[in-house]
Amino acid sequence: MTESRLSLKFTSLFAINFLITFCFGINDSLFSLYYSSYSVNGLLFGLSFTLYSMSKIAVSPFTGAFLDRYKPNRVLFVTLAMYFAVSASFYLIHNEVAIIAVRVVQGISCALFRPIMYYILGRNAESGSGKILGTFDISFYSALALAPLVGGFVVKWGGFGTVFIVMMLCCMAAIAVALTFSGLYRIRKGCETHEESSELSTGILNRLMVYIFFRGLGISVITAFLPIYLSGINIDISAIGILLCVITACTALFLPLTSSLADKMNKEILIASGGIAVSLILMTLTSFTGFIPLIVAAGLSGFFSALSQPACSSLMIEKTEKKKLGSTIGKFNSSMGLGFAFGPFAGMLINRTLGINAVFIIAGFLGIVTSGIFLFPAETKTVSLSEEIGNSTLN
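In this text, all values refer to a predicted model and were calculated from it rather than measured experimentally.

We now examine the overall build of the protein. Along the protein, the regular secondary structure elements total 12 helices and zero strands. Across the protein, helices and strands are ordered from the amino to the carboxyl terminus as α-α-α-α-α-α-α-α-α-α-α-α. Counting over 395 residues, the protein shows a buried share of 46%. The long-range fraction of contacts in the protein, counting pairs at least 24 apart against all pairs at least 6 apart in sequence, stands at 88%. Carbon together with sulfur atoms contributes 69% to the accessible area of the protein, which is approximately 18300 Å² in total.

On the surface, a nonpolar cluster with roughly 500 Å² of combined accessible area is contributed by Tyr91, Leu92, Ile165, Leu169 and Met172. Elements that contribute at least two residues to the nonpolar patch include exactly α3 (72-92) and α5 (129-180). Here the element with the most residues in the nonpolar patch is α5; it accounts for three residues. On the secondary structure map, methionine 172 appears in helix α5.

Let us now look at the environment of lysine 322. Along the chain, lysine 322 turns up in the loop between α9 (291-318) and α10 (325-354). Here lysine 322 falls in the buried class, since its relative accessible area comes to 6%. In this structure the C-alpha to C-alpha distance between lysine 322 and glycine 122, which are 200 residues apart in sequence, comes to 8.0 Å.

Topologically, serine 259 is positioned in helix α7 (residues 237-264). Residue classification places serine 259 among the buried residues on the basis of a relative accessible area of 0%. Considering only alpha carbons, one finds serine 259 and aspartate 137, 122 residues apart in sequence, at a separation of 9.5 Å. Among the polar contacts listed, one links the side chain of serine 259 to the backbone oxygen of proline 256, at a separation of 3.0 Å.

What follows is about helix α2 (residues 42-69). With 28 residues, α2 should cover 40 Å at 1.5 Å per step; its first-to-last C-alpha distance of 41 Å lies within 8% of that length. Within α2, the axis deviates most sharply at serine 60, by approximately 40°, and proline proline 61 lies no more than four positions further along. Turning to α2, its buried residues number three or more, namely Leu44, Ser48, Tyr52, Ser55, Ile57, Ser60, Thr63, Gly64 and Leu67.

A word on the side chain of serine 334. Counting through the fold element by element, serine 334 comes out in helix α10. With relative accessibility at 9%, the residue serine 334 sits in the buried group. Excluding residues that lie within four positions of it along the chain, serine 334 makes contacts with Ile57, Ser60 and Pro61.

Geometry of an aromatic ring pair is reported as the spacing of the ring centres plus the angle between the planes. Under the criterion given, the structure shown has 25 aromatic pairs. The interplanar angle of 85° and the centroid separation of 5.7 Å between the aromatic rings of tyrosine 83 and phenylalanine 113 together place this pair among those described as edge-to-face. Taken as a pair, tyrosine 83 in helix α3 and phenylalanine 113 in helix α4 (residues 96-124) lie far apart in primary sequence, 30 residues in all. Both residues of the pair, tyrosine 83 and phenylalanine 113, count as buried. Three or more aromatic residues joined by ring pairs make a cluster, and in this case those are Phe31, Tyr34, Tyr35, Tyr38, Phe45, Phe49, Phe90, Phe160 and Phe164. In this structure, arginine 103 is placed above the aromatic ring of tyrosine 52, and the distance from its NZ or CZ to the ring centre is 4.2 Å. One Lys or Arg, arginine 114, reaches over the ring of phenylalanine 140 and ends 3.9 Å from the middle of that ring.

Definitions and limits used
Residues numbered from 1 in each chain as written. Predicted model: local features only at pLDDT ≥ 70, side-chain atom pairs only at ≥ 80, totals over all residues. Heavy atoms only, no water. Helix = DSSP H or I, 4+ residues; strand = E, 2+ residues; numbered from the N terminus. Buried < 20%, exposed > 50% of the residue type's maximum accessible area, 1.4 Å probe, protein only. Contact = heavy atoms within 4.5 Å. Areas by Shrake-Rupley, 256 points an atom, 1.4 Å probe, with all protein chains shown as cover. Patch = residues over 30% accessible without salt bridge, like charges linked within 9 Å, V, L, I, M, F, W, Y side chains within 5 Å. Salt bridge = Lys/Arg side-chain N within 4 Å of Asp/Glu carboxyl O. Polar contact = N/O pair within 3.5 Å; in protein donor to acceptor, adjacent residues only side chain to side chain. Expected span 1.5 Å × (residues − 1). Bend = angle between axes of the 7 residues up to and from the residue. Phe/Tyr/Trp six-rings, centres within 6.5 Å; stacked < 30°, edge-to-face > 60°. Lys NZ or Arg CZ within 6 Å of the ring centre and 35° of its normal.

Below, the structure is given as structure tokens:
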């Protein structure tokens, strides 16, 4: 594939990722307000979130085999069509039980969408994958940072019906882009490689799997419990929104720099450094009481998240056989989803027994431990493999 075609493919996927993340970021950030307007009971309200998360977790393990079996351009189109159907259903359906079913379909779409994006990019990524993936993630984090701010204005101006119209328009635009550049997303058989997996690569992927689980747990703890902590120390709700946006905005801002570092430096060191730094900030979060120190902490958290993100994605793709990339991405997506689901539940139990400070301390400590495993590369395993090859040659 020529450089111009690669550039077109990247740009089109960047636009699709931004459009879908942006419109459903609006929906997710405001869904609790929308659904509570139906005066639903506590059970239905809880199910609308639980079943959404569970559908993502249940489908994620199968997405990998699905991606490896079917043409990626077709999978992408089906996923975008499902997203459009979800947007239209939110606009047309006004039954609280039916809305839960729509949320389940949204969860299935979400389980497919991110993996197919990385799959199409990863199957053609050779050198410079850190910069490619890191730059691509700018579309995700910038959309997440922008969505709640725009969503608030849209709801204030035209109500939730206008939000769903915006979602449908974004989905239609994403489908139009996907159809226009569909030919660029095909994986040609001549591009496939047949590298053999090693125990060393398997070990790195297993460490990444553990890391990504606790990474998801830490993010979910911040999302669920940081607003509660901040409101408890009398931080204004508008300031809470700013703080949450700063984390995501700083991640997007520094990704161009950190994605270049991922191609020039040791990826495992970058993952460990970023993960440990974020976890230390999480552990000490409750020691910050003023708005300015909290803003600084939020900005640093966003920077160190950006430091580890491209290195993590790039290392996963580099250590995976191309023909098994879909399965690996599916497993990683499932692992992160389990972390997201487990975090609020475990945090609730810790909060009830030890208090909210302990929630951040324990989550941060677990993050440090699982990030620290990348500070000890499996050099001994590499030596033993070399010795084994040498011994077999001598024999």
